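The residues making up each chain are set out below.
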Amino acid sequence: MRILVTGGAGFIGSCFVRMLLGPDDRDGRPAPDAVTVLDALTYAGNRRNLAPVAADPRLAFVHGDIRDRERVGALLDGHDAVVHFAAESHVDRSIASAAAFVSTNVLGTQTLLDAALARPGLTFLHVSTDEVYGSVSHDSWTEDEPLRPNSPYAASKAASDLLALAYHRTHGLDVRVTRCSNNYGPYQFPEKVIPLFTTRLMDGGSVPLYGDGRNVRDWLHVEDHCRALLRVLTEGRPGRVYNIGGGTELTNRQLTERLLAACGADWDRVEWVADRLGHDLRYSVDSGRIRSELDWTPRHSFDEGLAHTVAWYRDNRSWWEPLTTRAALR
Ligand code: NAD
């Protein structure tokens, strides 16, 4: 299989590429014949994320934009599948300014889908998010739940998610959609809560906790997400949506408690700040479908995965320090 990975220099996309080409057993799924990464290298993209597999002759890196119709059309030739990660992904940035989110997430996805139509037999795996469902006070969303996104980020992802499904229904394109909960793990850009808190605590600084800290998120290790994506790519059904969740729901207060403990810090390092605008209270996905149909289950427990992640940031200061300085996150 020859796979085009958009956004493959970002946090999750690079983990997927490292899994495809690295020593991981991929749960017995075969290694691909070729992997092409298409990435615009925005502030969130980093070629160093691909360093462990950079010398692999099966990997090609293309510095380009998913909105570039000609480029995308030419690139798709010779590929059997697209795994589409490329996106603007930070909710706070979408609240400050939504234009880039609509442009990349909606128009960029539509550009890729149009190019895919000209390649019969191609599989298009669209990586969506649980945030498209909006907030849920009790129980968990199944894939049949209507989408009620609240942030501009989530709305742009919902638009691209529905566009992808529309290309399946209208044109018969082999589209598969995944909606995953919050990821954590190594190589995550340090503006997101776990690496932001970890790196600030390691530097002796304070950490900002939104509102009253009651917001609940479900956490999944990025490697478990990537293993789920490979199953959907190889064994999923065209036109089907798969929720992916870790089953570890924590309030932000509980998450902060664990990060403080992991970094040997106290609550006096926490700065309570005004809540995020429109902050969804709780996300919760029912991932029964992917567990029963594709026999997927997470390997990492949250406690073990978090300890490993904090250790990775402790050992890889040279990876994150230039990023926090450039993005003024310190
Ligand atoms: P990220 O911000 O770390 O990476 C995004 C990548 O896309 C970067 O490498 C960036 O350079 C690239 N990119 C951005 N605009 C581009 C463009 N116009 N053309 C080409 N490349 C472009 O994001 P992430 O956390 O790795 O998320 C990847 C995908 O997974 C996103 O679609 C996101 O919505 C989805 N997702 C993320 C999470 C999470 O917890 N991080 C959870 C569920 C789903």
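Only a predicted model underlies this, so the values are computations on that prediction, with no experimental measurement involved. (Residues numbered from 1 in each chain as written. Predicted model: local features only at pLDDT ≥ 70, side-chain atom pairs only at ≥ 80, totals over all residues. Heavy atoms only, no water.)

Undergrad: Which residues make up helix 10 (residues 302-315), and what values do they have?
TA: Compared with an ideal rise of 1.5 Å per residue, which puts 14 residues at 20 Å, helix 10 spans 20 Å between its outermost C-alpha atoms and is within 8% of the ideal. Those residues of helix 10 that sit buried are Phe302, Gly305, Leu306, Thr309, Val310, Trp312 and Tyr313. With its buried residues spanning 155 degrees around the axis, helix 10 presents them on a single face. For helix 10, the exposed residues lying more than 90 degrees away from the buried face are Asp303 and Asp315. Residues of helix 10 that are buried make contact with strand 7 (182-184), helix 6 (193-202), strand 9 (216-221), strand 11 (249-251), helix 8 (252-262) and helix 11 (317-326). (Helix = DSSP H or I, 4+ residues; strand = E, 2+ residues; numbered from the N terminus. Expected span 1.5 Å × (residues − 1). Buried < 20%, exposed > 50% of the residue type's maximum accessible area, 1.4 Å probe, protein only. Arc of directions from axis to C-beta. Contact = heavy atoms within 4.5 Å.)

Undergrad: For the packing of aromatic side chains, give the residues involved together with the corresponding values.
TA: Counted according to the given criterion, the structure contains 13 aromatic pairs. Their ring planes at 85 degrees and their centres at 6.4 Å tell us that Phe101 and Tyr153 sit as a pair that is edge-to-face. Residue Phe101 is found in helix 4 (residues 99-117), and its partner Tyr153 is found in helix 5 (residues 152-171); the two are separated by 52 residues along the sequence. With relative accessibility at 3%, the residue Phe101 sits in the buried group. Assessed through its relative accessible area of 8%, Tyr153 is described here as buried. With 6.5 Å between their ring centres and 70 degrees between their planes, Tyr184 and Trp219 make a pair best called edge-to-face. Note that Tyr184 is positioned in strand 7 and Trp219 in strand 9, a separation of 35 residues in sequence. Classification of Tyr184 by relative accessible area gives buried; the value is 1%. On the basis of relative accessibility, which here comes to 5%, the residue Trp219 falls in the buried class. (Phe/Tyr/Trp six-rings, centres within 6.5 Å; stacked < 30°, edge-to-face > 60°.)

Undergrad: Provide a residue-level description of the side chain of His225, including the pertinent values.
TA: Looking at the secondary structure, you find His225 in helix 7 (residues 222-235). Given a relative accessible area of 2%, His225 falls into the buried group. Within the structure, the side chain of His225 is placed 2.7 Å from the side chain of Asn183, a separation counted as a polar contact. Residues within four places of His225 in sequence aside, it is in contact with Ile12, Val127, Cys180, Asn183, Leu220 and Ile244. (Polar contact = N/O pair within 3.5 Å; in protein donor to acceptor, adjacent residues only side chain to side chain.)

Undergrad: An account of the sheet that holds strand 11 is requested, with residue identities and associated values reported.
TA: The strand order 7-9-11 describes an open sheet built from three strands, whose pairing is mixed. Across the chains shown, the open sheet's two edge strands, defined by having one partner strand only, are strand 7 and strand 11. Put simply, the sheet's adjacent strands are angled 50 degrees from each other on average, direction ignored. Both strand 9 and strand 11 contribute to a ladder of three bridges, which runs antiparallel. (Pairing = 2+ DSSP bridges. Axes fitted to C-alpha atoms, helices over the stretch in contact; angles between N-to-C directions.)

Undergrad: Could you give an account of the site of the ligand, with specific residues and numbers?
TA: Surrounding the ligand, one finds 29 residues, the nearest of these being Ile12, Asp39, Ser89, Tyr153 and Lys157. Here Thr42 contributes a backbone N or O atom positioned 3.0 Å from an oxygen atom of the ligand. Contacts to the ligand include Asp65, whose side-chain N or O atom sits 3.0 Å from a nitrogen atom. Within the residue set of the shell around the ligand, elements represented by two or more residues are helix 1 (11-21), strand 5 (123-129), helix 5 and strand 7. (Near = heavy atom within 4 Å.)

Undergrad: Go over unusual backbone geometry, please, and point to the residues and values.
TA: Positive phi values are uncommon outside glycine, yet Arg26 reaches one of about 50 degrees. Note on placement: Arg26 falls in the loop between helix 1 and strand 2 (34-39). For Leu41, which is not glycine, the phi torsion reads 50 degrees and is therefore positive. Tracing the sequence through the fold places Leu41 in the loop between strand 2 and strand 3 (59-63).

Coordinates in, geometry out; function isn't part of it.
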